[in-house]
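Observations on the three-dimensional arrangement
Each chain is listed here by its residues.
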Amino acid sequence: CEGCGGKSVPHQRRPRLSKLPEVLVVHVKRLTYGGGKLQKNYAKYAVEPRVEVGDYCSARDEAGARDEGEESLGPKTPDQAGAVGAYSLYGAVSHFGGASSGHYVAHVGKGDRWNLFNDSVVTSCSWGEVEKSLRDTSFMLFYRQSKGSLS
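In short, a report on the structure. (Residues numbered from 1 in each chain as written. Predicted model: local features only at pLDDT ≥ 70, side-chain atom pairs only at ≥ 80, totals over all residues. Heavy atoms only, no water.)

**A few points about the overall build of the chain**
Within the chain, the regular secondary structure consists of one helix and nine strands. The N-to-C order of helical and strand elements in the chain reads β-β-β-β-β-β-β-β-α-β. Residue burial in the chain is summarised as follows: out of 151 residues, 26% are buried. Residue pairs in contact within the chain that sit at least 24 positions apart in sequence constitute 64% of those at least 6 positions apart. Approximately 10500 Å² of the chain is accessible, and the part contributed by carbon and sulfur atoms is 52%. (Helix = DSSP H or I, 4+ residues; strand = E, 2+ residues; numbered from the N terminus. Buried < 20%, exposed > 50% of the residue type's maximum accessible area, 1.4 Å probe, protein only. Contact = heavy atoms within 4.5 Å. Areas by Shrake-Rupley, 256 points an atom, 1.4 Å probe, with all protein chains shown as cover.)

Okay, here's the thing in structure tokens:
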């Protein structure tokens, strides 16, 4: 640009959220297309019951300056620190099977009280059972903004 005279200047690119959604949906990329065919990713992923996306929110930089026209989503008071962008898992969709066929089930719950929805059958399960299942089969994760988290 004219301001720097065409010189390379240090810069950093980072995603920034200016407003947080009430529901955060995470899609786990389990299916890929390569080598002329659809393939399933069987990797194991740790699924956290609580996530925080505060590091991706618009906020002041280390020097205290904001990007031009940018509002801060950071804590308004010291007692709100750590509350920015906090989400709790409340549902998940899992896929069992391969890339070309399989079966979907859903887990819905809170804390240690969860239900597994498998076609017309609904069974109770613990968070430990859900966590173990999702490690291998998670496809979509649904997080709800935690109370006290700023939006």
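**With respect to the packing of aromatic side chains**
One pass over the structure, following the stated rule, counts three aromatic pairs. With 6.4 Å between their ring centres and 55° between their planes, Y90 and F142 make a pair best called tilted. Taken together, the residues span a long stretch of sequence, with Y90 in strand 5 (residues 86–97) and F142 in strand 9 (residues 138–145) at a distance of 52 residues. Since its relative accessible area comes to 22%, F142 is described here as partly exposed. For the pair W114 and W127, a centre-to-centre distance of 5.5 Å together with 40° between the ring planes defines the contact as tilted. Taken together, the residues span a long stretch of sequence, with W114 in strand 7 (residues 113–118) and W127 in helix 1 (residues 127–137) at a distance of 13 residues. Judged by relative accessible area, which is 3%, W114 ranks as buried. The positively charged end of R144 is found above the aromatic ring belonging to Y90, 4.0 Å away from the centroid. (Phe/Tyr/Trp six-rings, centres within 6.5 Å; stacked < 30°, edge-to-face > 60°. Lys NZ or Arg CZ within 6 Å of the ring centre and 35° of its normal.)

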